[in-house]
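Chain by chain, the residues run as shown.
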Amino acid sequence: MGFLSTFFSRIASKPHLGRPFRAPLPPGPTHPTRSGASGDRLLAWSRAFVPFAVAAGAALAFDLHPVAVPSLCDPGIDLRVGGKDSTELVVQGARREAPNEFIQELKDILQDNLTVDYEERCFHGKPQNSFHRSVNVPDVVVFPRSQDDVQKIVAACNKYKVPIVPYGGATSIEGHTLAPHGGVCIDMSLMKKIKSLNVEDLDIVVEPGIGWIELNEYLKPYGLFFPLDPGPGATIGGMCATRCSGSLAVRYGTMRDNVINLQVVLANGEVIKTGSRARKSAAGYDLTRLLIGSEGTLGIITEVTLRLQRLPQHSVVAMCNFQTIKDAADVAIATMLSGIQVWKDINNRELVRRDEELYDDTPIKRKCESHGAMATCKSCSDEIASDDNILFSTVSAAQPEVSRVELLDEVQVKAINIANGKNLPEVPTLMFEFIGTEAYAREQTLIVQKIVSEHNGSDFVYVENADDKDELWKIRKEALWACYAMAPNNYEAMITDVCVPLSRLAECISKSKQLLDASSLLCMVIAHAGDGNFHTVIMFDPEREEQRQEAERLNHFMVHTALSLEGTCTGEHGVGTGKMKYLEKELGSGALRTMKRIKSALDPNDIMNPGKLIPPHVCI
């Protein structure tokens, strides 16, 4: 009896232990902390309860069946919103009102780099290119200038348990920057310094607020570039947070492959660095990869070390047309599987090219010719490739010399014509980019031209002039704006982001296209066809429920089709609030519970971008 009395007294003295016994509060203002008198009433209640507890203990001595204990879930949230099978448009949240003394503390830290202006808060609380909405907006928007500022802001938020929403270029489309619980929006736009460039090591250290376009302008005089190219306006910090990629990922990989290390401010204000500048390391857990794609739910990125590439010597951009989207997808697959081989020296120069069909004045050619061979042979290739100055690379589906393979359906081409005053044939179209030496890029172009002719392709044209190439890629980069231009002014875009194994791309696109063409909504297909990733832009009127439900039905079909083909619901846009409902089917409940445990360990007060990435129905 003494044990039980002590047990319930401890519950009375520790409010967080009492939570499982209370029903979650409905969304609304945070209730004030209970007074000491309230604690006394709970203590009196616990003592009065002791006789019943003793009786219960006696009963347990005879009946030891396990008793269900409520699990740790997100409190105060409708578990359908963002959870399985959710079709809600507006993200719900329980507002946690920021105390006045907290706002004053932020002012002391930031001086004038802070605003509580309503219009500014609404602007930051609404993603620029997304139909997602939230019931709340941030209470305050802050503009840190240094890692020290970020550290102090986060420490204050943790002290007062105020939610944090990181904010980069605002180009994300899955509701990443929504503030469903209010709180602090940390706008990183003033942290855009380039800290160091290491030309010999091909890496650069930057702050998160710099945009990838600005970065490449800085790097161009050095003959270098950062190879990821998402939408215009994206910043390096946001690109890390969403694990983005772009059209060049088929050649250079995603953000995961191009970040060497990070500096991050954790939820308790502690600053960590996830690694060194070494190109490889086996030292401990890979925290860099854990934080890339974490969408601000584990920490705030304050510094990034990026891997750079040399600008290609030459490039060729080609376009061709098809009668069906399946034919176009088949050519993309065939191109990636065409088996181009390339040997490179330490300066990344090509030494030999395609299988046994093409070879040039290289060490391998000279060695082969010394014993009368008229093409490259394996024994000579292996011997040359073993030299310390030679790197051998078999370029296949995972690493082609083709640097871009983009697919546009006929509706998207029509939108481009309308928006840009072009006169392109309104049929499924593929765009390629080939890089290397001038001779090598042309050789690849001819190889792919032959593949195109074997798959019912036509009108194969290519350009090498810099202005012509820039114009073609500009059209592709502005495809989303062309979609908006083709639809009425009040329409929003629901954008899918499925990715499947390359061999299943034609099947996935064909099935999706049949449904899209039968729909009453305006739908376009844009694909990074070289790595199996494609987007559908579905234009709809958010004020008309039947259109919103139709857009959701199309989205739902494409995601589940991709998952049935061993694909993913998001290839590069991230999860945010929009894709949470599909994660359990894709990853399984065990993986989600593991993610929730990591989140709970690093952010026990749940202040870091709450309500994102991990579905609210997941319990631990």
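Calculation rules
- Residues numbered from 1 in each chain as written.
- Predicted model: local features only at pLDDT ≥ 70, side-chain atom pairs only at ≥ 80, totals over all residues.
- Heavy atoms only, no water.
- UniProt positions renumbered as here; feature names shortened; annotations may be inferred.
- Helix = DSSP H or I, 4+ residues; strand = E, 2+ residues; numbered from the N terminus.
- Buried < 20%, exposed > 50% of the residue type's maximum accessible area, 1.4 Å probe, protein only.
- Contact = heavy atoms within 4.5 Å.
- Areas by Shrake-Rupley, 256 points an atom, 1.4 Å probe, with all protein chains shown as cover.
- Pairing = 2+ DSSP bridges.
- Core = buried A, V, L, I, M, F, W, Y, C linked by side-chain atoms within 4.5 Å.
- Axes fitted to C-alpha atoms, helices over the stretch in contact; angles between N-to-C directions.
- Parallel < 35°, antiparallel > 145°, perpendicular 65-115°, else oblique.
- Left-handed = near helix turned anticlockwise from the far one by under 90°.
- Nonpolar A, V, L, I, M, F, W, Y, C, P; charged D, E, K, R; others polar.

- With an unreviewed UniProt entry as reference, the protein chain is termed D-lactate dehydrogenase (cytochrome), source organism Ensete ventricosum.
- Quoted verbatim from the Subcellular location (unreviewed entry) field of the UniProt record, the comment on the protein chain reads "Mitochondrion".
- As its UniProt record puts it under Cofactor (unreviewed entry), the protein chain is described as follows: "FAD".

1. With respect to the overall build of the protein chain
Thought 1: Along the protein chain, the regular secondary structure elements total 21 helices and 24 strands.
Thought 2: The buried share of the protein chain, reckoned over its 620 residues, is 52%.
Thought 3: A separation threshold of at least 6 residues defines the contact pool for the protein chain, and within that pool the share at least 24 residues apart is 73%.
Thought 4: Per element, the accessible surface of the protein chain, about 28500 Å² overall, is 54% carbon and sulfur.

2. Concerning the environment of Ala-156
Thought 1: By secondary structure assignment, the location of Ala-156 is in helix α5 (residues 147–160).
Thought 2: Classification of Ala-156 as buried rests on a relative accessible area of 2%.
Thought 3: Apart from the residues within four sequence positions on either side, Ala-156 is in contact with Phe-102, Glu-105 and Leu-106.

3. Re the pairing of strand β21 (residues 492–495)
Thought 1: Taking every second residue as pointing to the same face, both faces of β21 are buried, with Glu-492 and Met-494 on one and Ala-493 and Ile-495 on the other.
Thought 2: Where β21 and strand β24 (residues 533–540) come together, 4 bridges link them in antiparallel fashion. Across the sheet, residue Glu-492 finds its bridge partner in β24, namely Phe-540.

4. With respect to the pairing of strand β19 (residues 429–436)
Thought 1: Here β19 lies mainly inside the structure; 8 of its 8 residues are buried.
Thought 2: Burial of β19 is two-sided: the residues Thr-429, Met-431, Glu-433 and Ile-435 facing one way and the residues Leu-430, Phe-432, Phe-434 and Gly-436 facing the other way are all buried.
Thought 3: Across 8 bridges, the pairing between strand β14 (residues 314–321) and β19 is antiparallel. Residue pairing for β19: Val-316 is matched across the bridge by Phe-434.
Thought 4: Pairing of strand β18 (residues 402–408) with β19 involves 6 bridges; the strand directions are antiparallel.

5. Overview of the environment of Gly-223
Thought 1: Along the chain, the position of Gly-223 falls in the loop between α6 (212–219) and β9 (224–225).
Thought 2: For Gly-223, a relative accessible area of 27% gives the class partly exposed.
Thought 3: For Gly-223 and Gln-309, which are 86 residues apart along the polypeptide, the C-alpha to C-alpha distance reads 8.7 Å.
Thought 4: Once residues within four sequence positions are removed from consideration, Gly-223 is found in contact with Gln-309, Arg-310 and Leu-311.

6. A word on the nonpolar core
Nonpolar side chains in soluble globular proteins generally cluster together in the buried interior.
Thought 1: Judged by nonpolar contacts, the single largest core of 59 residues is most densely connected at Leu-407, Leu-430, Phe-432 and Phe-534.
Thought 2: Look past the residues within four positions of Phe-432 in its chain and what remains in contact with it is Val-316, Val-317, Ala-318, Cys-320, Val-331, Thr-335, Val-402, Arg-404, Val-405, Val-448, Val-452 and Trp-473.

7. Re the sheet that holds strand β10 (residues 259–266)
Thought 1: On the basis of which strands lie adjacent, the open sheet formed by 5 strands has the order β7-β8-β12-β10-β11 and antiparallel pairing. Here the strands that pair on one side only, and so sit at the sheet edges, are β7 (194–198) and β11 (271–273). Averaged over all pairs of adjacent strands, the angle between their axes in this sheet comes to 15°, without regard to strand direction.
Thought 2: Across 4 bridges, strand β8 (residues 203–206) lies against strand β12 (residues 299–307) in antiparallel orientation. Within the sheet, the bridge partner assigned to Val-205 lies in β12 and is Thr-305.
Thought 3: Running at roughly 45° to β10, α5 makes contact with β10, β11 and β12 of the sheet.

8. Focus on the packing of helix α18 (residues 505–518) against helix α19 (residues 545–564)
Thought 1: Interaxial distance between α18 and α19 falls to 10 Å at its minimum, and their mutual angle equals 165°. Judged by the inter-axis angle, α18 sits roughly antiparallel to α19. Crossing handedness for the pair α18 and α19: right-handed. Only Arg-553, Leu-554, Phe-557, Met-558, Thr-561 and Ala-562 of α19 make contact with α18, whose side of the interface consists of Cys-508, Lys-511, Ser-512, Leu-515 and Leu-516.
Thought 2: Of the residues that constitute the contact of α18 with α19, the class distribution is 7 nonpolar, 2 polar and 2 charged.

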